[in-house]
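Each chain, written out:
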Amino acid sequence: MFEFFFRYPLASFLKGRFVLLGRWPGWVLVLLMVAAAGGLGWLIWAKRGDAAPKLRTWRAGVIWGLEAALVVLVLLLLWEPAMTVAELSSQQNIIAVVVDDSRSMAIADSGSDGKAAREVAAVKSLQDGVLVGLKKRFQVRVYRLDHGVARLDTAAGDGLAQIAATGTATRIGVGLRELAAETSDLPVGAVVLLSDGGENSDGGLGNIDRETMNVLRNRRWPVHTVGFGKERATKDIEVEEINVAAHAMADSRMAATVRFQQRGYAGQKATLVVKDGDKALVSREVTLAGDGAMQTETLFFHAGTAGARSFAFQVLPLVGEKNLKNNAVTRPVVVSDEKRRILYVEGEPRWEYKFIRRAEDDDKTVQVASMLRTTENKIYRQGISDPKELESGFPVRPEDLFQYQGIILGSVEAGYFTASQQELLREFVDRRGGGVLFLGGRFSLADGGWAGSSVTDLFPTVLPPGRSTFHREAATAELTATGADSPVVRLVDDPVKNVDRWKKLTYMSDYQDAGAPKAGATVLAELKTSGRKMPLLVTQSYGRGRTAVMATSGTWRWQMSEALGDTAHDLFWQQLLRWVVGETPGRVVAGSSVSEAGQTLTDDGKVRLTASVRGIDYLPAADAKVEAHLLGPEGLSTTVEMTPAGDVPGNFVADWTAEKNGAYLAEVTADGGGKELGRDVVAFQRQDGVAENFHTEQNRAMLEKLAADTGGRYWKPEDLGRLPREISYSEAGISIRDTKELWNLPAVFLLLLILMTADWLLRRKWGVV
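The rules behind these values
Residues numbered from 1 in each chain as written. Predicted model: local features only at pLDDT ≥ 70, side-chain atom pairs only at ≥ 80, totals over all residues. Heavy atoms only, no water. Pairing = 2+ DSSP bridges. Helix = DSSP H or I, 4+ residues; strand = E, 2+ residues; numbered from the N terminus. Patch = residues over 30% accessible without salt bridge, like charges linked within 9 Å, V, L, I, M, F, W, Y side chains within 5 Å. Areas by Shrake-Rupley, 256 points an atom, 1.4 Å probe, with all protein chains shown as cover. Salt bridge = Lys/Arg side-chain N within 4 Å of Asp/Glu carboxyl O. Buried < 20%, exposed > 50% of the residue type's maximum accessible area, 1.4 Å probe, protein only. Lys, Arg positive; Asp, Glu negative; His and termini not counted. Polar contact = N/O pair within 3.5 Å; in protein donor to acceptor, adjacent residues only side chain to side chain. Contact = heavy atoms within 4.5 Å. Phe/Tyr/Trp six-rings, centres within 6.5 Å; stacked < 30°, edge-to-face > 60°. Axes fitted to C-alpha atoms, helices over the stretch in contact; angles between N-to-C directions. Domains from an automatic or database assignment. Buried area = accessible area lost by both parts, 1.4 Å probe. Nonpolar A, V, L, I, M, F, W, Y, C, P; charged D, E, K, R; others polar. Core = buried A, V, L, I, M, F, W, Y, C linked by side-chain atoms within 4.5 Å. Parallel < 35°, antiparallel > 145°, perpendicular 65-115°, else oblique. Left-handed = near helix turned anticlockwise from the far one by under 90°. Expected span 1.5 Å × (residues − 1). Arc of directions from axis to C-beta.

### Digging into the pairing of strand β17 (residues 328–336)
The pairing of strand β11 (residues 247–249) with β17 spans three bridges and is classified as parallel. By the bridge assignment for β17, A248 is matched with V335. Here strand β16 (residues 307–315) runs beside β17; their pairing, made up of eight bridges, is antiparallel. Residue pairing in the sheet places F313 in a bridge with V329 of β17.

Now the structure itself:
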């Protein structure tokens, strides 16, 4: 219909440039238009007194508008309007047809019945006259796209039989760059891309990179995109992201945040499962949110014994799901049984000290070395590994204190520590990255003078003034909303039952006012007494480490007063102390670009290994020698030297490629001054084709943007019949600029007729003909 009125395709108007072929300059035309319109307006205004009464109103303006438009149009036609547009020369240009051959194109949701595979629909759309139409005017080359592009063999036909949707990745950007390099000396006039838009380079961001866009603009290639696949899935659940620690302590309780979305199952029940191999570690039933809404759930599970593990996080399939491969995501975790040591300093004999130590007796990973002040100048040591350990009391040298991963300060006043020891305590958290837990008591927190100490910034609360904050009165505990999601205070796996369990715990025999939480601190539990609520367990991050306050010394009653065999007290203290030491780094901290981003290596296998190395004093060791020993599939064993990162002292990097599919383990070691500084392990995995299972809906937005940014057009398969004609309007390749006259368009004569007819009809209606 458009070409019936305007003679030329819409693309020629969009890409053409308007010109006037008349001999007279354009400013004369404008002057005449203004003069004619003004003259008509003056004439009508001057004769308004003699006009019929109906024409003395707004109707006079309507008549003037119609007649002025008619005169302006006639004047414009006298100047011979036309447009110039670049058009590809016939048989002198190449049209590159690129067909997506990745696995996602095998999904059966296309075609006229919506049941054909995407690649089948793409091939059929080309064979239904499109290729023939293109070959009548151009040379045509057909390519398949997955990791890159490869030209199809067309010696025995169109080559489309070679499209099988088996590629393990969709890299549109890489493919277009490769196409540009291959045809650098050839006149390519345009590119036709048939795809679902599932670009999954760079972790599946779904965008075309800037480098590719610059290449396309330099070649002036218009990319015409043809979209296949449903833009919205009807019945599907897809796991979007898993947030879980890359390292864990043996037999510890881990927390994983699972983000997923669904379509077609809103309000229904689904089951989340965590598996270690074929063994289900935990499962939980959840109610699904609305269609397309991102849903976040937290699962708690046990890390198990030491070793490199691969945990699978899955939403069990529901009835009617077609794509089941996007229901699960695996993440590697290194579980370590390395012993973690805590220094517990207690200022007076008390029940809390005894029961905390007893709770840790069953934890084979965390060891507590304690010094209990029995008299003014005498201490009682327990849990020491050497007779000389803590012989002189609290350490005064970094190398002595930094051998611990955590510190507990019980009922002991700030004055017990010298100024240098207090500063060393700060360095333990800030530089060493250790954890410090402050307990309530007669000589702790504000009552111990800590509010006026030099390390008051270590506390996650603003300690109140005065020394009457410790009270021997009963108080009960309950979780905050934040604490309900924390593994530190999880006594029961079910989150609702866990909150209720805390409310039913036996009352504590005392409490302490810890003050108001600082900005950035997290209150996990509160205490209730005499109708008031105050913080009970507060945590914060500080430097490289973390600190916490437990504002009571009366949790021992949970063990004494609960039923025989109740594990609430011991479980709480084991989890809290594991939090204190769990993230304390060693002198070497290994990582990778994969583990840090929470992703899985796709088929390119490129990974950047990272290491943060510190010396004996935990200062950056910029001159260390660092190596990564890698183990992988099929007996792979290799060593890679790591080099300084350059931006931060003590940071080292190495770029490496995992060539094969499977799990990898990298052990990073660092030497300094002829001695080993430390070692650490990081795990990652390569899973070829995994990205093709996710985000399988047609990415129409990306295809439309790619076409618009390059001067092409997004096409629906059913509209491709017009492509062979419209694709010729391009400035790429070998093109000529054609001039198309506009004065003789049917639309122009129709407009003249409409203006004249409207003027006559209105005059007749208003009785002035």
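Moving on from the coordinates now.
### Some details on a nonpolar patch on the surface
A grouping of L750, L751, L753 and I754 is seen on the molecular surface, where their side chains present a nonpolar patch of about 340 Å² in accessible area. With respect to the helices, strands and loops of the structure, I754 is situated in helix α17 (residues 746–765).

### With respect to the side chain of D447
The topology assignment puts D447 in the loop between β22 (435–439) and β23 (461–462). The buried charged residue D447 lacks any salt bridge partner; its closest oppositely charged side chain belongs to R467, at an N-O distance of 6.9 Å. A polar contact is formed between the side chain of D447 and the backbone nitrogen of S468, at a distance of 3.2 Å. Look past the residues within four positions of D447 in its chain and what remains in contact with it is R442, G466, R467, S468, T469, F470 and Q512.

### Some details on the pairing of strand β20 (residues 378–382)
With five bridges connecting them, strand β19 (residues 366–375) and β20 associate as antiparallel partners. Paired with S370 across the strands is Q382, a residue of β20. Between the end of β19 and the start of β20, which pair antiparallel, lie two residues.

### Considering the packing of aromatic side chains
Scanning all chains against the criterion turns up 20 aromatic pairs. For the ring pair F438 and F459, a centre distance of 3.9 Å and an interplane angle of 25 degrees mean the geometry is stacked. Here F438, found in strand β22, pairs with F459, found in the loop between β22 and β23; they are 21 residues apart in sequence, far enough to count as distant. Here the two residues F438 and F459 agree in accessibility, since each one is buried.

### Structural notes on the sheet that holds strand β29 (residues 532–542)
Backbone hydrogen bonds are what pair the strands of a sheet, in a parallel or an antiparallel way. If you trace the nine strands from one edge of the open sheet to the other, you get β20-β19-β18-β21-β22-β30-β29-β28-β25, paired in mixed fashion. The open sheet is flanked by β20 and β25 (476–479), the only strands paired with a single partner. Strand-to-strand twist across the sheet, computed as the mean angle between neighbouring axes with direction ignored, equals 20 degrees. Here β22 runs beside strand β30 (residues 545–550); their pairing, made up of five bridges, is parallel.

### A look at unusual backbone geometry
For E80, which is not a glycine, the phi torsion comes out positive at approximately 55 degrees. Mapped onto the fold, E80 is located in the loop between α4 (59–78) and β2 (81–88).

### Regarding the domain arrangement of the chain
Structurally, the chain comprises domain 1 (2–86 + 738–765), domain 2 (90–231 + 697–733), domain 3 (242–251 + 264–295 + 302–336), domain 4 (340–582) and domain 5 (588–688). Measuring from the centre of the C-alpha atoms in domain 4 to the corresponding centre in domain 5 gives 35 Å. On the side of domain 5, five residues touch domain 4, which itself brings four residues to the contact. Interface area lost by domain 4 to domain 5 is led by R431, R432 and R544, which between them contribute 76%. The tally of links from domain 4 across to domain 5 stands at two residue pairs in polar contact (both at pLDDT 80 or more). Counted by class, the side of domain 4 that touches domain 5 contains one nonpolar, no polar and three charged residues.

### Concerning the nonpolar core
By size, the foremost hydrophobic cluster in this structure holds 39 residues, and its most contacted members are L437, W502, L537, M550, F572, W573 and L577. Top element by residues in this core is helix α13 (residues 568–582). It accounts for eight residues. Each residue touching M550, except ones within four places of it in the same chain, is listed here: L437, F438, L439, G440, L536, L537, T555, W558, F572 and W573. Formed by 32 residues, the second largest nonpolar core is a distinct cluster that contains A414, V429, F459 and L463.

### A closer look at the pattern of salt bridges
In the structure shown here, the tally under the stated rule is 38 salt bridges. The salt bridge involving D655 is made with R608; its shortest N-O contact spans 2.7 Å. Of this pair, D655 sits in strand β35 (residues 651–657) while R608 sits in strand β32 (residues 606–613), and the two are 47 residues apart along the sequence. The network of salt bridges with shared partners includes E87, R137 and K740.

### Let's talk about the packing of helix α3 (residues 26–46) against α4
The interhelical angle for the contact between α3 and α4, taken along N-to-C directions, is 155 degrees, at an axis separation of 9 Å. The angle between α3 and α4 places the two elements in the roughly antiparallel class. Crossing hand, α3 versus α4: right-handed. Side by side, α3 and α4 meet where L29, L32, M33, A36, A37, L40, G41 and I44 of the first sit next to A60, W64, E67, A68, V71, V72, L75 and L76 of the second. Of the residues belonging to the contact of α3 with α4, the class tally is 14 nonpolar, one polar and one charged.

### Description of the environment of T657
Of note, T657 is situated in strand β35. Setting aside anything within four residues of it in sequence, one finds T657 in contact with D604, G605 and K606.

### What to know about helix α10 (residues 419–430)
Every α-helix winds through 3.6 residues per turn, so residues three or four apart in the chain are directed the same way. Here α10 is 12 residues long and its end C-alpha atoms lie 17 Å apart, about the 16 Å a rise of 1.5 Å per residue gives. Every buried residue of α10 is accounted for by Q421, Q422, L424, L425, R426, E427, F428 and V429. On the buried face of α10, the contacting elements are α9 (398–401), β21 (406–409), β22, β29 and β30.

### Considerations on the sheet that holds β32
Across the sheet, which stays open at both edges, the seven strands sit in the order β31-β32-β35-β34-β33-β36-β37 with antiparallel pairing between neighbours. For this open sheet the edge positions go to β31 (588–592) and β37 (675–686), each flanked by a neighbour on one side alone. When the angles between neighbouring strand axes are averaged without regard to direction, this sheet yields 25 degrees.

### A look at helix α15 (residues 700–710)
Along α15, the positions that sit buried rather than exposed are M702, L703, L706, A707 and T710. Within α15, the buried residues cover an arc of 130 degrees as seen down the axis, which keeps them to one side. Exposed residues pointing more than 90 degrees away from the buried face of α15 are listed as A701, K705 and A708. In this structure, the buried side of α15 is in contact with α6 (172–182), β8 (188–195), α7 (210–219), β9 (223–227) and β38 (714–715). Residue G711 follows α15 closely and has a positive phi angle near 90 degrees.

### Examining the environment of A758
Looking at the element boundaries, A758 is found in helix α17. Here A758 falls in the partly exposed class, since its relative accessible area comes to 22%. Between the alpha carbons of A758 and E67 there is a distance of 9.7 Å; along the sequence they are 691 residues apart.

### Some remarks on the packing of helix α8 (residues 351–360) against α13
Across the interface, α8 lies against α13 with an axial gap of 9 Å and an inter-helix angle of 80 degrees. Between α8 and α13, the angle is such that the two are roughly perpendicular. When α8 is examined against α13, the residues E352, F355, I356, A359 and E360 are found in contact with a partner set consisting of H569, D570, W573, Q574 and L577. Its residues assigned to classes, the contact of α8 with α13 comprises five nonpolar, two polar and three charged.

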